[in-house]
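What the coordinates show
Given next are the chains, with one letter for each unit.
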Amino acid sequence: MASADPGLAPLGAAAEDPTKGGIEIGARGGEERPVAPDQFDARFETGRWEIWAYYAYYIGNNGLTLFNFAPTAFQNLLYQAAGDNMTLYFAGRDRTINSIVLLANGISFAIQIFVFLVIGSFADFGTWRPNILIVLSVVAFAVGFAWLGVHTEEKWRVGLGLYIVGLIAYQTTLTFWTAAFPGLARNTPELRAKADEYSQGAITRDEYDFADSMKRNELSNVAFIVQSVGEIFILAIIVGVMFGVDVNASVANNNWGLSVLIAFATGVWLLLSIPWFVMEKRRPGQDPGMNIIAAGFWQLWRAMTQIWRLKQ
């Protein structure tokens with residue numbers, strides 16, 4: 001699987017979802033009127049080019065680098081280093097290739113759990129999400145380019161480290177990117193108009209929420225379509241790169257080819273991410289009403305207490 005569908009959003013995807021409104025008492029005669037669920041600031045209105053910059057980032061973060069080619073390169077080096085006995089010394093004793101891969105995955109996911117518990121709530125709350133995405137992306141770029149120096153069997157331990165860090169970088173960048181789309185949707189001119197209609201009593205709250213949901217689904221699904229089409233072109237170039245490196249000539253060429261492919265796809269990701277880093281309007285997220293890190297643990301506790309309502 002080259003990438004994740006943003007339609008199946010991670011837990012952080014509710015980011016920049018402003019506090020919902022209700023009823024406001026009018027100044028004359030105690031008249032009640034609806035308050036728009038989302039309060040708009042003209043500085044944060046979503047533009048067409050910002051949306052396309054958002055899509056472009058996803059074309060780059062397609063998973064080919066750290067989620068597809070990197071695991072292949074890592075396991076290649078493991079098999080070559082292990083030889084006929086198919087075992088390597090790792091974590092205190094001799095282990096099979098499958099055992100090492102499973103342990104590496106376990107270590108990666110354990111670290112991801114810790115990372116998301118500590119900084120995951122920053123995707124929803126406050127204003128740090130764009131900065132965190134940039135830092136995580138830089139880490140991912142560094143890992144991708146580092147594979148150019150890891151293409152021989154004696155460096156399998158380095159490859160293992162790059163593999164673990166790469167999985168963490170891929171999943172965290174994807175999560176913090178995905179968390180921006182509710183804020184994009186709710187600051188579009190279309191949703192601004194719907195909010196005005198709701199405030200004037202022209203539409204119901206259910207109609208506003210439906211329009212909100214449809215706009216978020218539109219951005220999410222179009223992002224996936226654009227990413228899929230863009231990935232086809234990237235893969236076409238990659239086929240040419242493989243022939244250029246002559247990966248079928250020898251094991252060494254194949255190893256080097258995988259490293260080149262990872263670095264190439266990383267370079268594409270880097271170039272396509274720059275527009276989003278520059279053009280994103282740094283919209284404030286929700287106010288957690290508490291310390292942001294504590295809010296992450298509060299969300300976890302709330303999910304644990306509510307999960308029993310979803311026994312099916």
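The structure presented is a predicted model; accordingly, all values stated were derived computationally and were not measured.

Right, let's get into the environment of Y58. Relative to the assigned elements, Y58 resides in helix α1 (residues 48-60). For Y58, a relative accessible area of 0% translates into the label buried. In sequence terms Y58 and S228 are 170 residues apart; their C-alpha atoms lie 9.3 Å from each other.

Another point: unusual backbone geometry. A positive phi is found at M86, a non-glycine position, where the angle reads about 60°. Mapped onto the fold, M86 is located in the loop between α2 (64-82) and β3 (87-90). Even without glycine at this site, D246 takes up a positive phi of about 60°. Take D246: it is sitting in the loop between α8 (205-245) and α9 (251-279).

Bringing the packing of aromatic side chains into the picture now. Counted by the stated rule, this structure contains 11 aromatic pairs. Centroid distance Y54 to Y55: 6.5 Å. Interplanar angle 55°. Geometry classified as tilted. Judged on exposure class, the residue Y54 and its partner Y55 are both buried. Between F141 and W269, the aromatic rings sit 5.3 Å apart at their centres with planes inclined by 90°, giving edge-to-face as the arrangement. Of this pair, F141 sits in helix α4 (residues 129-146) while W269 sits in helix α9, and the two are 128 residues apart along the sequence.

Right, let's get into α4. For α4, which comprises 18 residues, the first-to-last C-alpha distance of 26 Å matches the rise-based estimate of 26 Å (1.5 Å per residue) to within 8%. Burial in α4 covers these residues: R129, P130, I132, L133, L136, S137, A140, F141, V143 and G144. Residues of α4 that are buried make contact with α1, α2, α3 (97-119), α5 (156-178) and α9.

Turning our eyes to something else, we now look at the UniProt feature "transmembrane region" (unreviewed entry) in the protein. UniProt annotation of "transmembrane region" (unreviewed entry) refers to residues 96-119, 131-150, 162-184, 222-244 and 256-278 when read in the numbering used here. In this annotation, residues 222-244 is assigned 100% helix and 0% strand; the end-to-end C-alpha distance for the span is 33 Å. Taken end to end, residues 256-278 is 100% helix and 0% strand, and its first and last C-alpha atoms sit 34 Å apart.

Here we come to the nonpolar core. One finds Y54, F74, L78, W147, W177 and W276 to be the most contacted residues of the largest nonpolar core, which totals 65 residues. In terms of residues, this core owes the most to one element, α5, which gives 12 residues. Y54 has contacts with W177, T178, A180, F181, L184 and W276, leaving out every residue within four places of it along the chain.

The end-to-end C-alpha separation of α8 is 59 Å, in line with the 60 Å expected for 41 residues at 1.5 Å each. In the segment just after α8, D246 is the residue with positive phi, at about 60°.

This brings us to the side chain of S259. Within the fold, S259 resides in helix α9. Residue S259 is classed as buried on the basis of its relative accessible area of 0%. If sequence neighbours within four positions are ignored, S259 has contacts with W147, L148, V150 and H151.

The next thing to look at is the pattern of salt bridges. Inspection of every chain in the model, using the stated rule, returns eight salt bridges. The residue E50 makes a salt bridge to R283 at a minimum N-O spacing of 2.8 Å. With E50 in helix α1 and R283 in the loop between α9 and α10 (292-306), the pair connects residues that are 233 residues apart, well separated along the chain. The class for R283 is buried, based on a relative accessible area of 5%. One salt bridge in this structure joins K215 and E190, with 3.5 Å as the shortest N-O distance. Placement of K215 in helix α8 and of E190 in helix α7 (residues 189-199) is noted, with a sequence separation of 25 residues between them.

The rules behind each value
- Residues numbered from 1 in each chain as written.
- Predicted model: local features only at pLDDT ≥ 70, side-chain atom pairs only at ≥ 80, totals over all residues.
- Heavy atoms only, no water.
- Helix = DSSP H or I, 4+ residues; strand = E, 2+ residues; numbered from the N terminus.
- Buried < 20%, exposed > 50% of the residue type's maximum accessible area, 1.4 Å probe, protein only.
- Phe/Tyr/Trp six-rings, centres within 6.5 Å; stacked < 30°, edge-to-face > 60°.
- Expected span 1.5 Å × (residues − 1).
- Contact = heavy atoms within 4.5 Å.
- UniProt positions renumbered as here; feature names shortened; annotations may be inferred.
- Core = buried A, V, L, I, M, F, W, Y, C linked by side-chain atoms within 4.5 Å.
- Salt bridge = Lys/Arg side-chain N within 4 Å of Asp/Glu carboxyl O.

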